[in-house]
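# Working through the structure, step by step
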Amino acid sequence: MFKITKNRLFVGALLGVLVGYVAYLELQHLRNQVTLQADATHASVPDVAVVQPKPAPSTLAMTLPGNINAWYEAPIYAQVSGYVKMWNKDYGAPVKKGDTLAEINAPGLDAQYAQAKADLQVTQAKYGLATVTADRWRSMGKSQAVSGQSVSVQNANEQSARAALEAAQHNVDHYDALERFKTIVAPFDGVVTARNISVGDYVGAGGGNLNANGTASELFTVADTHEMRLFVSVPEVFSYVLKPGLKARVTVPQYPNQVFTANFLTIAKGYDPNTRTAITEFTIDNADQKLWPGTFATVSLSAPAEGGVYTIPTGALVFQEKGMQVVTVDAQNKAHYKNITVGRMSDAYTEVDAGLTPTDHIINNPPADLLEGQTVRLSAPEKGYLTSASNSDEEDDE
């Protein structure tokens, strides 16, 4: 009897342990289910970092490359064919308007000129004979000794001879002008920046020597460098600052520690469709002749910026079919897409010209699957991109 009772107690205890273990497992399962459901609910609400628009800097500054050219620069070609007799000005020589640069020996042209003058003498003699003959026939016509038609013929011969004389005179004038082109002169005060001929070189009318490419090159290049022209290609988003009175700070490689001042002159009122830039021209005083044509320049421009412009991190932009947008968060932590108009863009930040207010809370780097009206959870941004963007904005403000 005692043994049976002991066995029953052991079996009951074992069953109790099993029931307790099953209850523990069930309770643990319920806890895990609740935890998973809470995690799923938490995960369904995305964590986002928000930023607020910052006013754009009050001063717009930019640095662009530019090219410095002479005020006037003229390539000089030969107008007659012949051989270079002598050149008188070398590279870098200052010249005055009308100074002789070179002389060309053109014996073929000289012969043609002599022929033209001889032809002029022949036509002068023929015209004299035609005039005397016509005068005689006109006298005889008055006494009715000859017919009126004969007199008209002689008058016509006289007019023809006069026309031939004028043509011969024009031909002589033509060769006389070409003879003067045998002397190459400077077109204006300046400096010789190129000399591409030597004594004995053959030059052709309308061009100089044949270069390695088989094309004609100029004999000389003369540049007027008392003042220089600076050409800068300015992006269209900056073109509104280009107006009379604007000044630019210019540096060149050969004088890295010297700043030159350039004054706005004009702008091409049209954009290059390939680069979306407009050619802008400035002037630089060059009385000391430090600047040379063809110099590369670094041009710094600054001007007051337009008001009502804000900056946001570029990562906050959303590209949609409707255009450029950002995602804002309202007081109930609901996400809303908002259309904006962007201005200048960079890697770190973008200027927004319209569509934002200073109190907007904008999601930076919004999730790609974020829906309109979806609830979001605000979180503090990690140090990194936002910090770098803020630092970049502060440096730009400076």
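Structural data are supplied above this passage.
### Considerations on the overall build of the protein chain
A tally of regular secondary structure across the protein chain gives 4 helices and 22 strands. For the protein chain, restricting intrachain contacts to residue pairs at least 6 apart in sequence, the fraction spanning at least 24 positions comes to 75%. Total accessible area on the protein chain is roughly 24,000 Å²; 56% of this is exposed by carbon and sulfur atoms.

### Regarding unusual backbone geometry
The backbone of N333 sits at a positive phi, close to 60 degrees, despite the residue not being glycine. Position of N333 relative to the elements: it lies in the loop between β17 (323–329) and β18 (335–339).

### Description of the pattern of salt bridges
What the rule picks out here adds up to 6 salt bridges. Here D110 makes a salt bridge to K182, at a shortest N to O gap of 2.9 Å. Of this pair, D110 sits in helix α2 (residues 107–142) while K182 sits in the loop between α3 (148–180) and β7 (183–185); the two residues are 72 residues apart in sequence, bridging distant segments of the chain. The class for D110 is partly exposed, based on a relative accessible area of 28%. We classify K182 as buried; its relative accessible area is 17%. Of the charged contacts, one joins D360 and K338 as a salt bridge, the two residues approaching to 2.9 Å between their closest N and O atoms. One end of the pair, D360, is in the loop between β20 (349–354) and β21 (362–364); the other, K338, is in strand β18, with 22 residues separating them in the sequence. By relative accessible area, which is 11% here, D360 ends up buried.

### Concerning the environment of V327
Considering the arrangement of structural elements, one finds V327 in strand β17. V327 gets classed as buried once you look at its relative accessible area, which sits at 0%. Separated by 44 residues in the primary sequence, V327 and L371 have C-alpha atoms spaced 9.7 Å apart. The contacts of V327, once residues within four sequence positions are left out, are V318, A335, H336, Y337, H361, I362, I363, P366 and L370.

### Side note on the side chain of E351
The residue E351 is located in strand β20 in this model. If sequence neighbours within four positions are ignored, E351 has contacts with A56, V309, Y310, T311, T341, V342, G343 and R344.

### Focus: the environment of R276
As for its position among the elements, R276 is in the loop between β12 (255–267) and β13 (277–285). With relative accessibility at 47%, the residue R276 sits in the partly exposed group. For the pair R276 and S233, spaced 43 residues apart in the sequence, the C-alpha separation amounts to 9.0 Å. Once residues within four sequence positions are removed from consideration, R276 is found in contact with V234, P235, E236 and Y271.

### Some remarks on the side chain of T295
By secondary structure assignment, the location of T295 is in strand β14 (residues 295–304). A distance of 2.6 Å separates the side chain of T295 from the backbone oxygen of W292, its partner in a polar contact. In contact with T295, not counting residues within four places along its chain, are G66, N67, I68, V252 and Q254.

### Description of the pairing of strand β6 (residues 100–105)
For strand β4 (residues 82–87) and β6, the ladder comprises 4 bridges, and the chain directions are antiparallel. For V84, the partnering residue across the bridge sits in β6 and is I104. When β6 meets β7, the two strands line up antiparallel, connected through 3 bridges. Looking at the pairing, A102 lines up with I184 of β7.

Reading the values: rules and limits
Residue numbers restart at each chain and count upward from 1, following the sequence in its written direction. Per-residue local features of the predicted model are confined to residues with pLDDT of at least 70, and side-chain atom pairs are confined, for both listing and counting, to 80 or more; whole-chain, interface and lining totals are unaffected and use all residues. Derived side-chain values reflect all non-hydrogen atoms in the structure, with water molecules and hydrogen atoms excluded from consideration. Numbering of helices and strands starts at the N terminus; helices are DSSP runs of H or I of at least 4 residues and strands are runs of E of at least 2. Throughout, a residue-residue contact means that at least one pair of heavy atoms, one from each residue, lies within 4.5 Å. Each accessible area is a Shrake-Rupley result for a 1.4 Å probe, and residues are judged covered by the shown protein chains and nothing else. We count a salt bridge whenever a side-chain nitrogen from Lys or Arg sits within 4 Å of a carboxyl oxygen from Asp or Glu. To sort residues, take the accessible area from a 1.4 Å probe on protein chains only and compare it with the maximum for the residue type: under 20% means buried, over 50% means exposed, and anything in between is partly exposed. In protein, a polar contact means a hydrogen-donor-capable atom and an acceptor-capable atom, both N or O and within 3.5 Å, with residues adjacent in sequence counting only if both atoms are side-chain atoms; elsewhere, any N or O pair within 3.5 Å suffices. DSSP calls a pair of strands paired once it identifies at least 2 bridges connecting them.

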